Amino acid sequence: MSGDLRPPRPATPAGFDPSRAAERAADPRGWRFPDEARDAVYRAIAERRDIRRFRPDPVPDDVLERILAAAHQAPSVGLMQPWRLIVVRSLETKLALRRLAQRERIRQSAKFSERAAHFLDQKIEGIVEAPLGVVVCCDHGDPDEEILGRGTIPETDLYSAACAIENLWLAARAEGLGVGWVSFYRPDDLRTLLGIPARVEPMAWLCVGWPDERPVRPGLEAAGWSSRMPLADVVIDERWPAEHAVAAPRRAAADPAGRPADASGADLCHPMPAVRAPDDRGPAPAGREAAVRPRAAPPDREAAIAARDRSDRLAKPAGSLGALEALIERWASITGAAPPAAPRAGVLVLAADHGHVVHGTSLFDARVSAQVAGAAARGQSAVGVLARHGGHELLVADVGLVAETPPGVRAAKLAPGTADMTAEPALTDDRLDAALALGAALAGELAERGADCLALGEIGIGNTATTAALAGALLGVGAERTVGRGTGLDAAGLDRKRAVVDAALARARASAATPATADGAAAARTPAPTADGAAAARTPAPTAEGATADAAPLPARTALREVGGLELAALAGAAIEAARRRLPVILDGYAVSTAALAAVGLDGGLAESLIASHRSAEPGHALVLAELGLEPLLDLRMRLGEASGALLALPVIASAGALHREMGTFAEAGIDGPR
Ligand SMILES: Cc1cc2ncn([C@H]3O[C@H](COP(=O)(O)O)[C@@H](O)[C@H]3O)c2cc1C
Ligand SMILES: O=C(O)c1cccnc1
């Protein structure tokens, strides 16, 4: 017993396992996992995929907690644990992020090939499809706090948070959960949406849910985009090789054999952060801004998923109907079903005049508005012909013509035109309210008469100048970006129109910034609170190219009141009413789309009910559509108005409906599915 003369074993140091030095020396590999467990780790790594399609089934809380705990076990420099994990379940938030991502995609679309655009499309849809969003943020904390290891490399907190993302991703794979990393948004947009403070970096939106695809190799590789580089290309012996001898590591070309390896799972492009202005789409604002309460019906996710599932089963290559598939899904999410094979539109064309035409903002005289409205009602103008041939019900209404209401046109005049927007607010608050209500009533009337959707149009000499001012006010940009030729102004006319629009914008911005007055109109002049509680007039907005805007955007109600017009305000009311009734709103050109942008400012939920028919030749239209996150179905370089573009898109919508409803599935048509 006393034969063992070795000194007593020192106690195991705190935080270590009980192995002895001799044991470790005898079996240096003794710390490894049993083979099966080790293989499972490598398998999770090798079979991790960036997932884009998700089932709607919920993720149980215990599974979610395990993957969040895995993220939280990531290594971090100085044990700073900078990650913050925001779990998002709200459909409203997911829809809002999808809009932001769509907006970025449209803004940057020129940079993408068709293939890239397709990948991004799918990625963006994943935001809404996945039951969960996990936003991984990095809290930079106090830069002066001493953190081990951060001294020379300040980005170490980001590196650490990236490890947390990978941990979550691998754990999710082991659980059978899919993760899709989305970074196609402006960080400031996401900050505003989720109330994230400026010192915190939103690094990734992770879509998390049960996958509705089980890819054996990366999507980008399957599409022949690129493939995993050989290990030897990325591992360097001892020293960086001389640059002239070996080309810098680059992405490998596609490997047609498709080795089962992964490529980047992250987005194709990371937009530079830019300052994004809050708008007035936050909580219902106080005072007059609140006159129109959010009323849009929520999207029907189940119907949208059912439509997508059917699209996938139809006898065609997956996704081959392109934008029509997105259209069908949107229609289903609005109405509960795919488009009918012959949708009947209620065509609402609202006519009014504009005070600023005295400055020569149109090639035509104000009296022409009523003449065109009369011709429309008689079936002689463009919308008259298209509505007749399409078999759609057409309602032309005078909501503010200077001339007498022509025969055949609904008499609903609120005023003989607007005031001159360069000199005073184009509308009073009461008139604006009346116009919103009138548009809603007219839309309701068409809905009651059985319309499947609402096609919106306008008539009003000078209304492209009003539209340019409204778009400028809503987007925080100047006339340079929003004014086009309208009915066909020459260069001098264009200059005149720009000057008028800039003058109106300057007056409107000054008026909106004026503090309270005794007449009680003050509430309406104060920028509405935004999602993060700040004033709307805080920061300039990014413009379509991502540059900084000229000025702070104005709240929608303020913008409508300051520049008008009566038909645009009534169109906004009509769009809101249609969305409440689950009717798709088919936008026409520049004027209608800008009215819809104002309507979205009054009721954010409306955005999901909009369908863009065409892109007008008016240059500002693209800006407005991008802001709405909408891609038009057609681009025919039209610049007519009246709802002509909306009616031209209806046969496309009808065809999408017919295809969706009447094509056979692979099984029905006896066609073999993909290998
Ligand atoms: C004959 C005629 C028919 C039209 N139909 C639509 N518009 C379109 O042009 C007008 C807007 O352009 P601007 O701002 O340059 O005046 C609106 O009436 C719009 O509906 C017409 C214009 C004219 C002249
Ligand atoms: O795009 C439009 O809506 C438009 C363009 C020019 C004239 N009227 C309307």
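Computed from a predicted structure; not experimentally measured.

### Structural notes on the overall build of the chain
Item 1. A count of helices and strands for the chain gives 24 helices and ten strands.
Item 2. Of all 675 residues assigned to the chain, the portion counted as buried reaches 49%.
Item 3. Here the contacts in the chain between residues at least 6 apart in sequence split such that 80% fall between residues at least 24 apart.

### Re the domain arrangement of the chain
Item 1. For the chain, the assigned domains read domain 1 (37–223) and domain 2 (301–512 + 551–661).
Item 2. Opposite the eight residues of domain 1 that make contact, domain 2 presents eight residues.
Item 3. Split into classes, the residues belonging to the side of domain 1 that touches domain 2 amount to four nonpolar, one polar and three charged.

### Here's the deal with the site of ligand 1
Item 1. Close to ligand 1 lie 20 residues, the nearest being Ser362, Thr464, Gly486, Thr487 and Gly641.
Item 2. Every element with two or more residues in the shell around ligand 1 is listed here: helix H12 (367–377), strand S8 (453–459) and helix H15 (463–475).
Item 3. Here the shell around ligand 1 is built from residues that sort into eight nonpolar, ten polar and two charged.

### Remarks on the site of ligand 2
Item 1. Every one of the 13 residues lining ligand 2 counts as a neighbour, but Gly589, Tyr590, Ser616, Arg639 and Gly641 are closest to it.
Item 2. The residue makeup of the shell around ligand 2, split by class, is three nonpolar, seven polar and three charged.

### Some thoughts on the sheet that holds strand S1 (residues 83–88)
Item 1. Spatial strand order, S1-S2-S4-S3: four strands in an open sheet with antiparallel pairing. Of all strands in the sheet, those with a lone pairing partner are S1 and strand S3 (178–182), marking the two edges. Adjacent strand axes in the sheet meet at a mean angle of 25 degrees when their direction is disregarded.
Item 2. Taken together, the five bridges between S3 and strand S4 (residues 200–209) define a ladder with antiparallel strand orientation. Counted as the bridge partner of Trp181 is Leu206 from S4.

### With respect to the packing of H15 against helix H21 (residues 590–602)
Item 1. Across the interface, H15 lies against H21 with an axial gap of 9 Å and an inter-helix angle of 35 degrees. Read as a crossing pair, H15 and H21 show a hand that is left-handed. Residues Asn463, Thr464, Thr467, Leu470, Ala471 and Leu474 of H15 lie in contact with H21, whose contacting residues are Tyr590, Ala591, Thr594, Leu597, Ala598 and Gly601.
Item 2. Here the residues of the contact of H15 with H21 sort into seven nonpolar, five polar and no charged.

### Here we look at the sheet that holds strand S9 (residues 585–587)
Item 1. One open sheet accounts for six strands, arranged S7-S6-S5-S8-S9-S10; its pairing is parallel. Each end of this open sheet is capped by a strand with a single partner; those strands are strand S7 (410–411) and strand S10 (610–612).
Item 2. Bridge analysis of strand S6 (residues 393–400) against S7 gives two bridges, and the strand direction is parallel. If you follow Asp398 over to S7, its bridge partner there is Ala411.

### Let's talk about the confidence of the model for the chain
Item 1. With 85% of its residues at a pLDDT of 70 or more, the chain shows a mean pLDDT of 87.
Item 2. The low-confidence segment residues 248–287 (pLDDT under 50) makes 114 contacts with residues lying over four places distant or belonging to another chain.
Item 3. Across residues 516–548 the pLDDT falls below 50, and counting only partners more than four positions away or on other chains, this stretch makes 89 contacts in the model.
Item 4. Interface predicted TM-score (ipTM) for the complex: 0.99; the corresponding pTM is 0.81.

### A word on H15
Item 1. Relative to the 18 Å expected for 13 residues at 1.5 Å per residue, H15 spans 18 Å between its end C-alpha atoms, a close match to the ideal helical length.
Item 2. In terms of burial, H15 is a largely internal element, 13 of the 13 residues being buried.
Item 3. One or two residues past the end of H15 sits Gly476, with phi positive at roughly 75 degrees.

### Focus: the packing of helix H13 (residues 382–390) against helix H23 (residues 644–662)
Between two packed helices, the angle of one axis relative to the other and the distance separating the axes together describe the packing.
Item 1. For the pair H13 and H23, the least separation of the axes is 9 Å and the interaxial angle reads 25 degrees. In terms of their interaxial angle, H13 and H23 are classed as roughly parallel. With respect to the hand of their crossing, H13 and H23 are arranged in left-handed fashion. Packed against H13, whose contacting residues are Ala382, Val383, Leu386, Ala387 and Gly390, the element H23 presents Ser644, Leu647, Leu648 and Leu650 at the interface.

### Examining helix H10 (residues 301–313)
Item 1. Taking 1.5 Å of rise per residue, 13 residues should cover 18 Å, and H10 covers 19 Å from first to last C-alpha, within 8% of that figure.
Item 2. Regarding H10, the residues found buried are Ala304, Ala307, Arg308 and Ser311. Angularly, the buried residues of H10 cover 95 degrees about the axis, an arc narrow enough to put them on a single face. The exposed set on the far side of H10, more than 90 degrees from its buried face, consists of Glu302 and Asp309.
Item 3. Where H10 is buried, its residues touch helix H11 (323–335) and H23.

Rules used in this analysis
Residues numbered from 1 in each chain as written. Chains lettered and ligands numbered in written order. Predicted model: local features only at pLDDT ≥ 70, side-chain atom pairs only at ≥ 80, totals over all residues. Helix = DSSP H or I, 4+ residues; strand = E, 2+ residues; numbered from the N terminus. Buried ≥ 20, exposed ≤ 12 C-beta atoms within 10 Å, placed from the backbone. Contact = placed C-beta atoms within 7 Å. Domains from an automatic or database assignment. Nonpolar A, V, L, I, M, F, W, Y, C, P; charged D, E, K, R; others polar. Near = placed C-beta within 6 Å. Pairing = 2+ DSSP bridges. Axes fitted to C-alpha atoms, helices over the stretch in contact; angles between N-to-C directions. Left-handed = near helix turned anticlockwise from the far one by under 90°. pLDDT = per-residue confidence, 0-100. Expected span 1.5 Å × (residues − 1). Parallel < 35°, antiparallel > 145°, perpendicular 65-115°, else oblique. Arc of directions from axis to C-beta.

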